[in-house]
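# Per-entry structural report
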Amino acid sequence: MIGHSLRRAGLQIVTAIAPFALMALPAVADEPAKAEWPCVYRKVPVLTAATIWDGPAITDTSSWRKDETIRKLSQYLISRRVKEDEAEAAIKKFAASVPADSRDAKLTELFAAVLTRTNEDRKVVMSGIERFHKRQLERAKEIEKEGITLPPESETGTTDDSQGPVGEISKLSSEEEKYKWEVRTFQEKQANIPIACEIPQLIDERAGAIARAIRAEMKS
């Protein structure tokens, strides 16, 4: 029956988000922030140089801001709209333009800029995912409450199956129609979370590829 199905859908709202919620459960009680992260990909708040870089130590992460060429190039390199081969070509061009005696230092500075910008970018993306996930959790609770308050089937006239699916749909009350639409909208939004969760991983993979391209142009 439609009325029964709608109520059952309300209970299934929590089931729909369970895979993500369970993955985000904190391992210990003093890590409540983990509950806000819905992705399979483990949350790493900051990407460190050590994870993707085997070049000189990065001790200065701000001087690159004074170099207009590096500022513009680093922004270009982290853009996900720029293909990796185009990024590599831009790195090669930059390396060729720098005198040999200062090339490694400038390339290290370029990597520092890329790393800083990457962390700024991923912070925005990850915060957005967490905010969206939190809104979905809150919306799930609201929809579940709405499902519980729907009139009993005996009061909606949806217990007669004689008219088939079309007849049943026509018998839905305005409350049930609204609830059905809200459930569908919630599920459509929820389907976007796995897609959004891929972005931080892609950002990290791109940063690694750029780091390797920069290292390939260095002598030491």
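Residues numbered from 1 in each chain as written. Predicted model: local features only at pLDDT ≥ 70, side-chain atom pairs only at ≥ 80, totals over all residues. Heavy atoms only, no water.

As a further point, take the nonpolar core. Counting 28 residues, the largest nonpolar core has Trp53, Leu77, Phe94, Leu107, Leu110, Phe111 and Ile214 as its most contacted members. Elements that contribute at least two residues to this core include exactly helix H3 (68-78), helix H4 (84-97), helix H5 (100-148) and helix H9 (192-215). Looking at this core, the element that brings in the most residues is H5, giving 7 residues. Formed by 8 residues, the second largest nonpolar core is a distinct cluster that contains Trp37, Ile193, Cys197 and Ile203. (Core = buried A, V, L, I, M, F, W, Y, C linked by side-chain atoms within 4.5 Å. Buried < 20%, exposed > 50% of the residue type's maximum accessible area, 1.4 Å probe, protein only. Helix = DSSP H or I, 4+ residues; strand = E, 2+ residues; numbered from the N terminus.)

The next point concerns the state of the cysteines. Scanning the entire structure with this criterion turns up 1 disulfide. Two residues, Cys39 and Cys197, share a disulfide whose sulfurs are 2.0 Å apart. Here Cys39 and Cys197 share a disulfide; its torsion about the S-S bond, -75°, makes the bridge left-handed. Separated by 158 residues along the polypeptide, Cys39 in the loop between helix H1 (2-23) and helix H2 (49-52) and Cys197 in helix H9 bring together distant segments of the chain. For Cys39, a relative accessible area of 4% puts it in the buried group. A relative accessible area of 8% places Cys197 in the buried class. (Disulfide = S-S within 2.5 Å.)

What follows covers the confidence of the model for the chain. Of all residues in the chain, 74% have pLDDT values of 70 or greater, and the mean over the chain is 80. Contacts for the low-pLDDT stretch residues 156-163, under 50 throughout, to residues beyond four places or in other chains number 18 contacts. Across residues 166-170 the pLDDT falls below 50, and counting only partners more than four positions away or on other chains, this stretch makes 5 contacts in the model. (pLDDT = per-residue confidence, 0-100. Contact = heavy atoms within 4.5 Å.)

Secondary-structure assignment places Lys83 in the loop between H3 and H4. For the pair Lys83 and Arg206, spaced 123 residues apart in the sequence, the C-alpha separation amounts to 9.8 Å.

Helix packing for two helices is described by the angle between their axes and how far apart those axes are. For the pair H3 and H4, the least separation of the axes is 10 Å and the interaxial angle reads 160°. With respect to H4, the axis of H3 lies roughly antiparallel. At the point where H3 passes H4, the crossing takes the left-handed sense. The segment H3 lies against H4, with Thr69, Ile70, Leu73, Tyr76 and Leu77 engaging Glu86, Ala87, Ala90, Ile91 and Phe94. (Axes fitted to C-alpha atoms, helices over the stretch in contact; angles between N-to-C directions. Parallel < 35°, antiparallel > 145°, perpendicular 65-115°, else oblique. Left-handed = near helix turned anticlockwise from the far one by under 90°.)

Turning to its location among the elements, Glu109 is positioned in helix H5. Here the side chain of Glu109 touches Trp64 through a polar contact of 3.4 Å, landing on its backbone nitrogen. (Polar contact = N/O pair within 3.5 Å; in protein donor to acceptor, adjacent residues only side chain to side chain.)

Quick look at the packing of aromatic side chains now. Taken as a whole, this structure holds 1 aromatic pair when the rule is applied. Ring geometry for Trp53 versus Phe111: centroids 4.1 Å apart, planes at 5°, classification stacked. Separated by 58 residues along the polypeptide, Trp53 in the loop between H2 and H3 and Phe111 in helix H5 bring together distant segments of the chain. Per residue, the accessibility class of Trp53 equals that of Phe111, and both read buried. Here the guanidinium or amino end of Arg215 rests over the ring plane of Trp53, the centre of that ring lying 5.7 Å away. (Phe/Tyr/Trp six-rings, centres within 6.5 Å; stacked < 30°, edge-to-face > 60°. Lys NZ or Arg CZ within 6 Å of the ring centre and 35° of its normal.)

This next bit is on empty space enclosed by the protein. This structure, assessed with the given rule, holds 2 cavities of 30 Å³ or more. Around the largest cavity, the lining residues are Ile78, Arg80, Thr118, Asp121, Ile203, Arg206, Ala207 and Ile210. When residues of the lining of the largest cavity are traced back to their parent elements, those giving at least two are H5 and H9. Broken down by element, the lining of the largest cavity gets its largest block of residues, 4 residues, from H9. The residue makeup of the lining of the largest cavity, split by class, is 4 nonpolar, 1 polar and 3 charged. Approximately 40 Å³ is the volume attributed to the second largest cavity. Secondary structure elements with two or more residues in the lining of the second largest cavity: H4 and H9. It is H4 that provides the largest number of residues to the lining of the second largest cavity, a total of 4 residues. Across the lining of the second largest cavity, the residue classes tally to 5 nonpolar, no polar and 2 charged. (1 Å grid on protein atoms, 1.4 Å probe; cavity = no way out; pocket = protein on both sides within 12 Å on 5 of 7 lines; lining within 4 Å. Points joined across faces, edges and corners; volume = space filled by probe spheres on them. Nonpolar A, V, L, I, M, F, W, Y, C, P; charged D, E, K, R; others polar.)

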